[in-house]
Amino acid sequence: MLCGESGAGKTESTKLLLQHIMNLCKGNSQLEQQILQVNPLLEAFGNAQTVMNDNSSRFGKYIQLRFQKNTVRGAKLSEYLLEKSRVVQQDTGERNFHIFYYMFAGLSSEEKEMYGLLDPSLYRYISGRFGTEDVAQHWKHKYQEVCNALDMVGFQEQEQVDMQAILAGVLSLGNVTFEPQENNGSVKVSEASQGWLKAAAGQFGVQEDELLKCLICTMSVTRGEQIQRFHTRQQAEDARDSIAKVAYGRVFGWIVSKINELLAENVDPEVELREIGILDIFGFENFAVNRFEQLCINLANEQLQHFFNHDLLLAKPLGLLSLLDEQSAFPQATDKTFVDKLNSSFKGNLHFQPGRGRVLGFSIVHYAGNVQYTAGGFLEKNRDTLPANIRGLFINSVTPLLSVLFTATISRTGTLMPHVKAKVIRGADDKFNSTRKQSVGAQFRHSLMVLMERMYSANPHFVRCIKPNSRKEPGVVDSQVVLQQLRYNGLLETIRIRRDGFSWRPSFEEFAERYGILLVKPDVSLTKESCLEILQSTELTGWICGKSRLFFKYWHKEQLAKCVEQLERAAVVIQKAFRGFSCRKRYLKLVAELRAQALRLQEEAERERSRLLEVEAEAQKRVSLPVPVPRKRRPQPCPRPAPDMPPQPPVPRPRSKLTESTPFDNFLHPSGPHPILGTEEQTGEEAKMRKLKRGATIRWFRETQAQKVMQDDGAFPSWLHGMISRREAENLLTDKPLGCFLVRISQSRPGYTLTYRGEGRCRHYMIEMQPNARYVILGEDRAHASLTELVQYHQTVGIQPFMETLTVPCGQKSSGSLDYEDLECLTLTPSAAEEETPLAEQACLSGPPARGPILQTGAASVLKRVWFRRAKKCQEQQNLDESRTKPSPGEEGGSQRAFPRLHSSIRLAMREIQQFSSVPLNSSCTELQSSPQH
C-alpha cells in the first residue's frame, strides 16, 4: 500500500512499481503494455490540479495483478470515491479534471466542431483556466497519450467518440442558466442559453424538450395521478449540476468497468492464480476550506493508518456518517441541523471540536493533526439527488453508451456494473432518486469496509511517500515539513520500536527449519533444544527464548544471514573440489576406455591385415600369370540435366530457435547459399492443418483487410507482400540496404509480421490485431489506426527493444500484386469493377475462389466489384450528413470515421450559440495565452 500526504508521490511510485513488476514478469503478449497504459488513462479522468498538488488523485484505486507461473495473466481495478463535485465547482487555484483541458488542447478544429466545442473561455465548469503556450502544448501531448491508451487497452472508436460527446455535453449543460417566468412563478431557460441546452441535448443524444422538463420540473405519481412540480431557480441549478456530476461519474465508472473487462484473465477457472495488489489511495488533505470530500479522504487515511477514530466516524447508530445519513433522510433537515446534531452527540469527545464563532462547521483531531471542516453542502452531497425522470430519458438516448451507463446497476460500494441491468418496475424512477437510496456516505462506508477486508486478508507492505516541501518545488527539502510527516505517519515510532523491541519473533519450528544448516549435521529436529544448540554455535547476543518462540532484535536476522552465507561459500568450495575430482576421475576412466578400445581395434586390424596378406600370397603361388597394367581413365564431363528436371534446392540455412511472436534474429551469410522461393514439402495431418490455416488467413485478409490497405489508386503499398514465409522474406532482404523492410501476411494466424534488414541479420516483429481494429507491434506501447500509420511512425521512431528505424521498403516481385498466388491481382479500380458481369459474380458466390489464371479473370474480378460497391455504398451513406468529410489521402481505403449520433443538431446549436457569444466557431485553447496561470 502506498500512503502519504497529497503530493508526496504516491501515483508516480505506483507507476514505477508497475513498470518494475511488468519487466520482471514479462510474458509473450501485449497484456503488460495494456496494464501500463491504465495509469495515464485514469489520471486524465480522475486527477486534477489542487492547491497542494498539480496532479492530485481525486479517487482511490486498487490494482490487482493476477499471475500464473510468474507471468501476468490479467488485472482488475477497483475505484473508490471519485470527487464528482469537482465537475461543477473548483476552489481558487484549482482546476477541473484533466480530461477537459486535454480535449480543448488536443482536438483539431474539425474535431471540436464535430463534438460541439467552442472557445474554452465560454464554459462555466472550467472557467477558462488555461496557462501558457507551453502548458497548452503539454496538454496536447497528454491528450495524444490518452487516445493512445484508449486504443492500447482496447476501447472501440465509436465508444471513444460517444464518451467525448458526453463530456462535451457535461460542459454545455453547465452553461444553461435559468430565469423566472412572469406569469406562474416557475423558471425557464434564459434566451442566451437556449443554444447551450440544444447543444447538450444533441451531445447526450436526447430530445431537447425532454431534457428541459428534467431541469425545470419534477414529475411524480400519487395514487395514480401524475403531479408536476416546478422548480425554483436554485432547484433548477441543483438539478443541472446533479445531472453533470452523475453523467461524469458514470462515465468514469464505465471506463473502470471496461478496463476490467478487457484485462480479465483468459485462463481455466480451475487454475489457481497468485495475486499482487497495489493500493494507491488519496493522500491526507488539510485545505483552507475542507468539505465532505476531504472528510471521506481523511477518514480512509484514518483506517489505513490504524488510528482508531472508529467510534467517532463509523460507529452505528451514533457515528458521524450514520448521523449524516439520518439527517439526509429528513426532507426538512439542513446543514445547520446536522451540525447541531453532531455538537450534541459528540459533546465531550476528545477527537471532536465544535465550530467556533458563526462558522457552520466542526473540527476533528485526526492522526495527522486537527482539520476544520465546512459543513455547507454536506447533506446535498450525501444525498446525491438526481431529477426523477432523468434516468428514463438517458436510458432512451440514441447514444448507446449513455443508455448503458444509466441502465446499469450501482453496487453497494458505488461501483458501476454495466452487465447487470437494474429491474425496470413501475415507479422505478422515483425509487431510484428517493432519499431512501444508497447515500454517498453509505457507499463509501461499504467500499472502505471491503478495502479493509482485502488488506487484512493479505500480507500488506507499506510504501511511505514523504513530501519534501509545501511549495511544489523540485530539489527543495523542508526539514520541518519532512519531520512532521515522519511523526504523523508513525515512522519515528516504528524506528524506536524496532530499536528497543524484538521485531522478529519466529517459532521454534520455523527457526530450526530455516537455520538448522548451521549445525552442519543431517536430520535436525524442530525443537527448542535444537534452536538453542544452533544459537550457541553462533556469536549472537541479546536474544531471548520464550515458551513457544524466540525473540530477536532486527539486526539478528542480518547476523544469521551472514553465518548462512559463510556456509554457502564453503559449500560452493566443497562442491567445486568434488565436482573437479569427479570430472577428472570420469575423464581418466573415459581416456583409459578409449585407449583400450583403440588398442583392440589396432590389434584386430593387424590380424586382419596379416590374414589378407596370407590369402594373397597363397593365391600368387597357385596362379603365376602376368598382371596387366591398368589403363588410365580420362575424366568424363558431367552429364547435363534433362530440360524438364527441376533444379535441386541448396542446403537451407539454420533457422532461429525463437518464434515469430517475439523479436528475433536470423543471421544473413552473403557468402552462403540462399534458399529459393517456395514452400517446404509437407505431408499428412500437418500439411492439411497448414492448408486450413492458410485458407482461413486468406479469407480474413480478403474480407477485412484488403480494402483497408489498398491505396487510392487500387494498388497495394510497395512494402506489403503476400503470404510469404519467413525464409522467403529473408531471401528478399539479403542483398538490400540496412533498414529495408517489408510487411507480410502471416501464414498461421490472422495478422501481419514486419521483417527488418539489420546489420548482418533480419529481425521479425509480430504485428498484433486488437479487437478494436488497432495495429500494435508486440512489445510496443503505441497503437495505430492503420498499417500505413504504423510504418510511417516507425520510420522516425525506433522499434523496441533495438530502436531500429525503417528506411526503404522492399518492393514486390510485380507492381500492383501480392507475392502469393491466391492473392495476386487484387486491385480496386472502378473501371474494372464496372466491366464485370453478373455471371462472374454468380460464379464467385457459387464456390470457393479458384487459383491461378481463373482467379485473375473470375473471383478476383468479382472481389473488385464487391469492394467497389461497398465503397460506393459507404460514400452514399457519408453524404447523408453534411458534417462527414472526405477522408484525407493518408487514410487507407477510405475508412469511415465515427461521429456523435446527433451531429447535425449539435452544429445547429453551435450556430445559435455563436449569435450570442460572437466567438469564432473554430477556436483553440492556444488563443487564451493571455489568461493567468493558476
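If you're wondering where the values come from, they're calculated on a predicted model, not measured in any experiment.

The subject of this paragraph is the overall build of the protein chain. Counting its secondary structure elements, the protein chain contains 32 helices and 23 strands. Within the protein chain, the proportion of its 934 residues that are buried is 46%. Counting every atom, the protein chain has about 49,900 Å² of accessible surface; 53% of that belongs to carbon and sulfur.

The residue Gln49 is located in the loop between β2 (47-48) and β3 (56-57) in this model. Residue Gln49 is classed as buried on the basis of its relative accessible area of 7%. At a separation of 3.4 Å, a polar atom in the side chain of Gln49 contacts the main-chain carbonyl oxygen of Gly93. Within the structure, Gln49 has its side chain in polar contact with the side chain of Arg95 (distance 2.4 Å).

Here the focus is helix α11 (residues 292-304). With 13 residues, α11 should reach 18 Å at 1.5 Å per residue; the first-to-last C-alpha distance of 19 Å fits that figure. Of all 13 residues making up α11, 13 are buried, and the element is well covered by its neighbours.

So, on to the packing of helix α4 (residues 98-106) against helix α7 (residues 157-174). Following both chains from N to C, one finds α4 and α7 inclined at 105 degrees, their axes separated by 11 Å at the closest point. Judged on the interaxial angle alone, α7 and α4 are roughly perpendicular. Facing Ile99, Phe100, Met103 and Phe104 of α4, the residues of α7 in contact are Gln164, Leu167, Val170 and Leu171. Class assignment of the residues belonging to the contact of α4 with α7 gives a composition of 7 nonpolar, 1 polar and no charged.

This part covers unusual backbone geometry. Peptide bonds are mostly trans, and most non-glycine residues show a negative phi. Cis geometry marks the peptide bond from Lys316 to Pro317, where omega comes out at 5 degrees. In this structure, Pro317 sits in the loop between α12 (310-313) and α13 (320-328). Cis geometry is found at the peptide bond from Gln800 to Pro801, where omega equals 0 degrees. Mapped onto the elements of the fold, Pro801 is located in the loop between α27 (787-793) and α28 (830-835). Look at Asp384: it is not a glycine, yet its phi comes out positive at around 55 degrees. Summarising the element assignment, Asp384 is placed in the loop between α15 (378-383) and α16 (390-395). The exposure class of Asp384 is buried, given its relative accessible area of 15%.

This paragraph deals with the pairing of strand β21 (residues 752-757). For β21, a buried count of 6 out of 6 residues is recorded, marking the element as mostly surrounded by other parts of the structure. Of the two faces of β21, both are covered, the one formed by Tyr752, Leu754 and Tyr756 as well as the one formed by Thr753, Thr755 and Arg757. Pairing of strand β20 (residues 741-745) with β21 involves 5 bridges; the strand directions are antiparallel. Pairing of Val743 across the sheet is with Leu754, part of β21. Adjacent in sequence and paired antiparallel, β20 and β21 are bridged by 6 residues. Sheet topology places β21 next to strand β22 (residues 761-769); 6 bridges connect them, and they run antiparallel. Looking across to β22, one finds that Leu754 is bridged to Tyr765. Between β21 and β22, which pair antiparallel one after the other, the connecting turn spans 3 residues, and Gly760 there sits at a positive phi close to 75 degrees.

Conventions used here
- Residues numbered from 1 in each chain as written.
- Predicted model: local features only at pLDDT ≥ 70, side-chain atom pairs only at ≥ 80, totals over all residues.
- Heavy atoms only, no water.
- Helix = DSSP H or I, 4+ residues; strand = E, 2+ residues; numbered from the N terminus.
- Buried < 20%, exposed > 50% of the residue type's maximum accessible area, 1.4 Å probe, protein only.
- Areas by Shrake-Rupley, 256 points an atom, 1.4 Å probe, with all protein chains shown as cover.
- Polar contact = N/O pair within 3.5 Å; in protein donor to acceptor, adjacent residues only side chain to side chain.
- Expected span 1.5 Å × (residues − 1).
- Axes fitted to C-alpha atoms, helices over the stretch in contact; angles between N-to-C directions.
- Parallel < 35°, antiparallel > 145°, perpendicular 65-115°, else oblique.
- Contact = heavy atoms within 4.5 Å.
- Nonpolar A, V, L, I, M, F, W, Y, C, P; charged D, E, K, R; others polar.
- Pairing = 2+ DSSP bridges.

Functional significance is not addressed by these values, which are geometric in nature.
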